[in-house]
Amino acid sequence: MKRNLSPVELSKLSKKLRCDILCMICEAGSGHPGGSLSAIDILLVLYYNIMKHDPQNPAWIERDRFILSKGHAAPALYSVLAECGYFDKSHLSTLRNIGSILQGHPDKKLTPGVEVSSGSLGNGLSIASGLTLSFKLDKKENHVFCLIGDGECDEGLIWEAAMFAPHYRLNNLTAILDRNGLQIDGKTEAVMGLEPLADKWRAFNWNVIEVNGHDYSALLKAFEDSKKNTTKPTIIIASTIKGRGVSYMEGIKEFHGKPPSKIELEQALKELEA
Amino acid sequence: MSMKATRDAYGDWLKEAGKLNKDIVVVDADLSESTKTNVFAKEFPDRFIDVGSAEQNLIDISAGLALGGKKVFASSFAIFETGRAWDQIRNVVSHDELNVTLVATHAGLSCAADGASHQALEDIALMRVIPNMKVIVPCDADETKNALDALLNTQGPAYMRLRREKEPLIEKKYNFKLGKAETLREGSDITIIATGMMVSYSLKAADILKEKGISSSVLNVHTIKPLDSNTLCKTAKNTGIIVTVEEHSIFGGLGGAVSEAVSETYPVPIFKIGVNDTFGQSARSFEPLLKAYGLTPDQIAETSEKYIKKIKR
């Protein structure tokens, strides 16, 4: 795989992966397009420009780790892993099928490149903290990245991890919060208000960086800046749009967990390939 | 008879094992003085992690450490560790078969004075239903150390159930083997199958029954999962009647596990002595509490005799 893509290259690739995401969810007949499309740009930047990893050797001991805490964005992760070469792209059309290596939510035991299983919300940031601590105990520099959702911040366990990581000075941990503003029952601020969200993380002693989660240059700078902090864990609060890239999905809560119909898929592909 | 608490054996074991194995990391949730992980913490402060009173975090931090290659021992009281963090135990530790050994103390009624909120009477059931999970309930302090040795050399998750109180040490003529039920006494009229501290009480109950001319087999099932079905079925054939004894709900624990196994291969009447589908309560000392739930040696003998009469009259 080619590394260190330019923003233009990232943008081009993101369109391809958005198509992959929508095709696999449509084929599966169920899945979560909204949160996959809000997160895909973040994943792209991580896997192509930021993380140390080797698709030919998923167990490489020196690799950085990525944990998808919001497991329902599995199609986004699968699209990137396949593009990187962790497994053949032909698997994408088997999403959610019986016997598939691509389960509805990430499964460490079945999918090359998946570091830990997820799906039950709230677990990833704690696991990432424990993993970062293990590297710290061994005086290793592996960096751990963890993507959490904003609706996921309703889970109490997120805040247990939020207390833990700064207490143990886990500066090699970077959380990314996919702040798309929507959860299953509606707008996050209507369902269970999170704001002032950045202040909350600051109050918990995190290094907080706020960024547009679809702006590649800004994301790249945020990840670079996060590495400069030598005492605190970093959280990058990425403002995103749920369903980003498909006109009829953007900001529409129903597409949290609804697949596009065949006709809708065709329209989406047209828009993305235009 | 010498006495020792299983949790003290755990603390001693951690201190020794920690010297030999530098991968061992211990995680606790603000109960290290009670669970005895403080013994390890004092010796190896860098490898002891306190998460505060946050049991879900206890399990997921442990999971992360295990992903990083550590051999993790995670401790709290049984009720909080298995109850509050069941999702993390199921979906993370067990699903991904991580090297996390859950060693929970103050199980059963042994947290006597604190009352119902602190008494785990459902933990065996909660852990037993999870795929990949091993469930170990040592009968005394010595067996606790033997079982921990065995688990250290085993991959994947395990749950070990320990108690608060000092308990009698049992004379044993076997080497501990994970997954093996041990026949401590052979008899012909009834089989008493026990786990944890109820093993020593069942031996005493067998003595009482002997005086009445009743010959009992007594089995120590220290491993509830994977269960030694072969040994259980053999004894079912020999005596034709089984009584299970546990300091746990009569539902879903040892009695449930034995019933599931024996009913498939050699169904005989199985009676369950345990806490009868109710919550615990406070008591200023342990013995009166055991008595309130019918778990003293006298009561185990009396109830067993009643069951024999019911079946063999």
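What you see is a predicted model; the values in this text were computed from it and never measured.

Peer 1: Explain the overall build of chain A residue by residue, including any values.
Peer 2: Scanning chain A for helices and strands turns up 9 helices and 7 strands. The C-alpha radius of gyration computed for chain A amounts to 17 Å, which stays within 12% of the reference 19 Å derived for 274 residues, consistent with globular compactness. Here chain A holds 274 residues, and 51% of them are scored as buried. Once local pairs closer than 6 in sequence are excluded, the contacts in chain A between residues at least 24 apart make up 75%.

Peer 1: Help me get a handle on unusual backbone geometry, residues and values and all.
Peer 2: Residue Pro196 of chain A is reached from Glu195 of chain A by a cis peptide bond, and omega for that bond is 0 degrees. Relative to the elements of secondary structure, Pro196 of chain A occurs in the loop between α6 (188-191) and α7 (197-203). Cis peptide bonds are those with omega within 30 degrees of zero, and the linkage from Lys225 of chain B to Pro226 of chain B qualifies with -5 degrees. By the element assignment, Pro226 of chain B lies in the loop between β12 (223-225) and α10 (229-239). For Arg169 of chain A, which is not a glycine, the phi torsion comes out positive at approximately 50 degrees. Along the chain, the position of Arg169 of chain A falls in the loop between α5 (156-167) and β3 (173-179).

Peer 1: I'd like to hear about the environment of Ala301 of chain B, residue by residue, with values.
Peer 2: Residue and element names in this part refer to chain B. Residue placement: Ala301 occurs in helix α13 (residues 297-312). Overall, Ala301 belongs to the buried group, with 24 C-beta atoms counted inside 10 Å. Remark: the alpha-carbon pair of Ala301 and Ile208, spanning 93 residues in sequence, is separated by 6.5 Å. Ignoring sequence-local partners within four residues, the contact set of Ala301 consists of Ala205, Ile208 and Leu209.

Peer 1: Give a description of the domain arrangement of chain B that names residues and reports values.
Peer 2: All names here are of chain B. Entries for chain B in the domain assignment read domain 1 (3-168) and domain 2 (182-312). Here the C-alpha centre of domain 2 lies 26 Å away from the C-alpha centre of domain 1. At the junction of the two partners, domain 1 supplies 29 residues and domain 2 supplies 32 residues. Going through the elements one at a time, α7 (123-128), β6 (134-136), α8 (141-152) and β8 (166-168) are the ones with two or more residues in the side of domain 1 that touches domain 2. Across the side of domain 1 that touches domain 2, the residue classes break down as 15 nonpolar, 4 polar and 10 charged.

Peer 1: Kindly report on the interface of chain B and chain A, identifying the contributing residues and their values.
Peer 2: Each partner contributes to the interface: chain B provides 22 residues, whereas chain A provides 22 residues. Every element with two or more residues in the side of chain B that touches chain A is listed here: α4 (55-67) and α6 (86-94) of chain B. A class-by-class count of the residues in the side of chain B that touches chain A yields 8 nonpolar, 9 polar and 5 charged.

Peer 1: Tell me about the pairing of strand β11 (residues 216-220) of chain B, and name the residues and values.
Peer 2: Residues and elements named next belong to chain B. By the criterion of burial, β11 is predominantly enclosed, with 5 of the 5 residues buried. Neither face of β11 is left uncovered, since the one carrying Ser216, Val218 and Asn220 and the one carrying Ser217 and Leu219 both have all their residues buried. Note that strand β9 (residues 182-185) and β11 share 3 bridges and pair antiparallel. The residue bridging Arg185 from the neighbouring strand is Val218, located in β11. When strand β10 (residues 190-194) meets β11, the two strands line up parallel, connected through 5 bridges. Looking at the pairing, Thr191 lines up with Ser217 of β11. What joins β10 to β11 is helix α9 (residues 198-211), and the crossover it makes is right-handed.

Peer 1: So what's going on with the sheet that holds strand β13 (residues 242-249) of chain B? Which residues, and what values?
Peer 2: Residue and element names in this part refer to chain B. Strand order in the open sheet formed by 5 strands is β9-β11-β10-β13-β14, with mixed pairing between adjacent strands. Only two strands of the sheet have a single partner each, and these edge strands are β9 and β14 (270-275). Across the sheet, the mean angle separating the axes of adjacent strands is 25 degrees when strand polarity is ignored. Pairing geometry for β10 and β13, over 4 bridges, is parallel. Across the sheet, the residue bridging to Ile192 is Val243, located in β13. Where helix α11 (residues 254-265) meets the sheet, it contacts β10, β13 and β14, and its direction lies at approximately 145 degrees from that of β13.

How each quantity is defined
Residues numbered from 1 in each chain as written. Chains lettered and ligands numbered in written order. Predicted model: local features only at pLDDT ≥ 70, side-chain atom pairs only at ≥ 80, totals over all residues. Helix = DSSP H or I, 4+ residues; strand = E, 2+ residues; numbered from the N terminus. Rg over C-alpha atoms; globule rule 2.2 N^0.38 Å. Buried ≥ 20, exposed ≤ 12 C-beta atoms within 10 Å, placed from the backbone. Contact = placed C-beta atoms within 7 Å. Domains from an automatic or database assignment. Nonpolar A, V, L, I, M, F, W, Y, C, P; charged D, E, K, R; others polar. Pairing = 2+ DSSP bridges. Right-handed = clockwise from strand over helix to strand, strands pointing away. Axes fitted to C-alpha atoms, helices over the stretch in contact; angles between N-to-C directions.

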